[in-house]
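Next come the chains, spelled out residue by residue.
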Amino acid sequence: MTGEHAEHHEHTGLWSWIATVDHKRIGLLYLGTALFFLLTGGVEALMMRIQLMRPNNDFISPELFNQLFTMHGTTMIFMVVMPTLIGFANYFVPLMIGARDMAYPRLNAMAYWFLPFGGLLMHFSWLAGGAPSAGWFSYAPLSETPFNSTHGVDYWALGLFVMGIGSISTSINIIATIIACRPPGMTLFRMPLFVWMTFVNSFLITLAMPILNASLVMLFVDRLFAAHFFLPEHGGSAVIWQHFFWAFGHPEVYILVLPAFGMVSEVIPVFARRPIFGYGTMVGSVVTIAVLSFGVWAHHMFTVGLGNAADAFFAASTMLIAVPTGIKIFNWGATLWGGSIRLNTAMLFCMAFLIEFTIGGLSGITFAVVPIDWQMNASYYLVAHFHYVIFGGTYFAMMAGIYYWFPKMTGRILSEGLGKWHFWATVIGFNMTFFVQHFLGFMGMPRRVYTYPDLPGWATLNMISTIGAFILGTSAFLLVVNVILTSRKPANAGNNPWNGWTLEWLTTSPPPEHNFDYIPPVHGRRPLWDLQHPELPDDAPAQKEAFWDPIFDKFKVGMACFIASESFFFLMLVIGFVFYNTSLHMGQFNAHTLDVPKSSIFTVALLGSSVTLHIAEHYMEARKRMAFLGWFIFTIALGLVFLIGQGGEYYHLFTTGVTINANLFSSSFFILTGFHGFHVFVGLILLMIVLIFAFVGDYNSGKGEIVKTIGWYWHFVDAVWIVVFSTVYLIGPHL
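The rules behind the values
Residues numbered from 1 in each chain as written. Predicted model: local features only at pLDDT ≥ 70, side-chain atom pairs only at ≥ 80, totals over all residues. Heavy atoms only, no water. Helix = DSSP H or I, 4+ residues; strand = E, 2+ residues; numbered from the N terminus. Rg over C-alpha atoms; globule rule 2.2 N^0.38 Å. Buried < 20%, exposed > 50% of the residue type's maximum accessible area, 1.4 Å probe, protein only. Contact = heavy atoms within 4.5 Å. Areas by Shrake-Rupley, 256 points an atom, 1.4 Å probe, with all protein chains shown as cover. Lys, Arg positive; Asp, Glu negative; His and termini not counted. Charge placed at Lys NZ, Arg CZ, Asp CG, Glu CD. Patch = residues over 30% accessible without salt bridge, like charges linked within 9 Å, V, L, I, M, F, W, Y side chains within 5 Å. Salt bridge = Lys/Arg side-chain N within 4 Å of Asp/Glu carboxyl O. Axes fitted to C-alpha atoms, helices over the stretch in contact; angles between N-to-C directions. Parallel < 35°, antiparallel > 145°, perpendicular 65-115°, else oblique. Left-handed = near helix turned anticlockwise from the far one by under 90°. Nonpolar A, V, L, I, M, F, W, Y, C, P; charged D, E, K, R; others polar. Expected span 1.5 Å × (residues − 1).

**Q** Which residues make up the overall build of the chain, and what values do they have?
**A** Looking only at helices and strands, the chain features 22 helices and zero strands. Relative to the globule expectation of 27 Å for 735 residues, the C-alpha radius of gyration of the chain, 27 Å, shows essentially globular dimensions. Relative to its 735 residues, the chain shows a buried fraction of 58%. Excluding contacts between residues fewer than 6 apart, the proportion of contacts in the chain whose partners are at least 24 apart in sequence is 83%. In the form shown here, the chain has an accessible surface area of approximately 28400 Å², with 71% of it arising from carbon and sulfur atoms. Of the side-chain charges in the chain, 31 are positive and 37 negative, and the distance between the mean point of each set is 8 Å.

Rendered as structure tokens:
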């Protein structure tokens with residue numbers, strides 16, 4: 001079953017790109033936007049390297065250095081690496097599974113526009129009093145108003161929040177596309193590994209980004225409404241920000257890496273002319289990494305002083321997650337062993353990836369040894385490690401993906417001559433820049449400093465690093481030149497220039513708007529190989545394939561993913577409420593201020609609305625239109641009763657002095673209940689839209705599934721309120 005694709009209208013010129021819902025064009029928009037921000041982040045990095053090229057330099061001021069440092073890290077992670085990986089996923093996932101488009105084309109288009117809007121919003125801070133200067137991790141209390149009085153951090157939080165919404169939307173779309181839009185025969189265990197890695201990665205984004213968004217909301221409320229979540233002098237906690245941020249931040253590391261693993265897993269087999277070694281092991285290891293990634297966050301916090309038990313646990317989990325990561329290195333090596341290797345540019349980048357990423361992984365293991373972490377965490381050794389993982393891993397893999405898939409996207413093969421110049425400039429520039437930083441860390445040079453004293457060896461190594469950074473910048477220029485020159489040449493690639501095995505190579509280069517004129521039967525993991533060699537088909541165990549061939553409604557899949565994502569968002573707000581109301585003194589206002597009997601009345605109304613909605617759905621299925629409309633209207637009325645009741649409670653609290661900035665109880669209360677109220681409001685809008693269409697349309701056939709899907713959301717909102725009411729009103733007074 002392929003996903004429905006939106007009705008496409010004929011547009012030309014620039015408007016055809018602005019209005020497009022074609023997943024391939026949207027993928028290219030992601031890649032083009034990422035290239036723009038790559039140049040921006042690269043300039044920021046070069047300015048920092050000029051400042052650090054010699055001791056006691058005054059090329060830029062300390063404040064400007066902090067702003068560049070913050071914007072460079074944020075730009076590269078959220079506006080370059082993530083959009084590039086999402087862009088490739090947008091373009092190739094539907095092609096590789098044989099779908100006509102993404103599950104929700106219009107949502108796909110909308111999600112893209114969150115990226116340039118959020119990115120430009122953040123960069124507008126340069127013109128609005130100064131960019132953020134608290135680091136890309138924005139540690140509290142440095143990110144709070146007393147220490148950062150300009151609006152830079154406000155733009156940072158808003159920009160990230162906006163881009164986070166777009167990332168979650170796209171991830172839900174990808175999950176729904178993979179689960180619900182595969183054609184017959186394309187079972188999960190026959191999907192290409194890039195699709196598998198993107199699939200797992202989309203779950204990570206769906207569950208991890210809400211953790212960051214909840215943290216950003218609390219930070220923004222601190223700054224805009226003078227709350228004190230992260231201000232210790234007012235009872236808040238700076239350490240809880242680190243817990244919240246890194247609970248997102250370490251899954252984020254794998255969000256930046258897993259699709260890159262998938263790219264390498266596509267390129268190496270094609271240019272080694274061997275199927276990937278250990279397909280099942282690769283799939284199992286990536287799922288293991290995703291699960292374990294949520295349990296290693298505090299290894300970023302060994303220097304905080306969490307205690308021996310916590311240090312031991314997170315040291316062990318850090319070592320454990322290295323096992324499935326290391327397995328992949330052996331899988332790729334075994335695939336290469338005995339293969340007929342073709343060392344073109346794409347393959348060269350893959351070979352460099354194996355070396356650079358392994359170095360980054362090995363240096364990462366050293367941080368699992370707590371005493372070593374204490375010594376090296378704040379040094380340039382960590383800067384080197386991080387860049388060997390993200391740049392040496394993800395960037396090299398992305399370059400391999402560009403050279404591998406550029407013919408499919410444009411119909412033209414990038415110049416191998418310029419490509420090899422690009423490759424060697426990247427390898428030399430990267431290692432000159434970052435390898436020496438390991439030694440700077442050993443010698444004690446701290447990171448996050450805008451200058452340094454003239455100590456033995458520091459000036460020489462920093463000069464080498466700066467020269468390497470400029471060589472690295474030149475390598476990016478060579479890629480741009482290669483793309484421009486190749487784009488001016490006639491199409492020369494054909495449909496399958498690399499003799500690849502996956503479905504994207506079946507269609508034309510570039511593919512038509514509908515992707516395929518026909519999709520052949522899929523019987524194995526290499527469908528094009530099966531077409532060309534019917535006498536030697538792939539061996540795919542039938543019993544496993546039958547189990548992994550479910551058919552799901554794409555709207556229900558999307559709603560289930562959205563509910564899971566929002567559950568993590570509310571989980572963070574509930575944790576915050578419990579933490580602040582348990583461990584800290586609340587002062588005059590606390591949970592005893594709340595009127596539990598009155599709140600119980602509108603709680604009954606909200607929970608009753610789930611019952612009435614279920615009855616309405618029953619009458620809809622029974623084709624009793626008037627009964628359906630009556631119970632549906634009753635559901636909306638009960639929801640309105642809840643909102644009016646909550647509004648009355650807020651009014652009473654405001655008139656008695658309980659405002660959002662009164663103390664930590666009121667701050668955590670209004671954040672938690674306010675966002676739940678917002679979700680109820682959104683749910684009521686959806687129900688009213690359904691009601692309007694129900695008066696003029698037919699929800700007895702087909703569209704009834706949409707009503708049930710919206711019903712899932714409404715039941716979720718009610719379930720969240722059960723948790724909120726129990727935590728705040730029933731347990732809260734006893735915390």
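**Q** Which residues make up a nonpolar patch on the surface, and what values go with them?
**A** Together, Ile-633, Phe-678, Phe-681, Ile-685, Ile-689, Phe-693, Phe-695 and Val-696 make up an exposed nonpolar region whose accessible area comes to about 780 Å². It is helix 21 (residues 664-696) that contributes the most residues to the nonpolar patch, seven residues altogether. Checked against the element boundaries, Ile-633 lands in helix 20 (residues 625-655). The exposure class of Ile-633 is partly exposed, given its relative accessible area of 39%.

**Q** Give me the lowdown on the packing of helix 2 (residues 23-51) against helix 15 (residues 458-487), citing residues and values where you can.
**A** At a minimum axis separation of 10 Å, helix 2 and helix 15 run at an interaxial angle of 160 degrees. Between helix 2 and helix 15, the crossing angle belongs to the class labelled roughly antiparallel. The hand of the helix 2/helix 15 crossing is left-handed. The residues of helix 15 that touch helix 2, namely those facing Leu-35, Leu-46, Arg-49 and Ile-50, are Asn-462, Ser-465, Thr-466, Ala-469, Phe-470 and Val-480. Across the contact of helix 2 with helix 15, the residue classes break down as six nonpolar, three polar and one charged.

**Q** Please set out helix 8 (residues 258-272) residue by residue, giving values where relevant.
**A** With 15 residues, helix 8 extends 21 Å from end C-alpha to end C-alpha; this agrees with the ideal 21 Å at 1.5 Å per step. Most of helix 8 is tucked away: 15 of the 15 residues are buried. Just downstream of helix 8 lies Arg-273, where phi reads positive at about 55 degrees.

**Q** Tell me about the pattern of salt bridges, residues and numbers included.
**A** Summed over the entire model, instances satisfying the criterion amount to six salt bridges. Here Lys-24 makes a salt bridge to Asp-22, at a shortest N to O gap of 2.9 Å. Across the pair Lys-708 and Glu-621 runs a salt bridge whose closest N-O atoms are separated by 2.4 Å. With a gap of 87 residues between them, Lys-708 in helix 22 (residues 704-731) and Glu-621 in helix 19 (residues 596-621) connect regions that are remote in the sequence. Where salt bridges share partners, they join Lys-556, Glu-621, Glu-705 and Lys-708 into one cluster.

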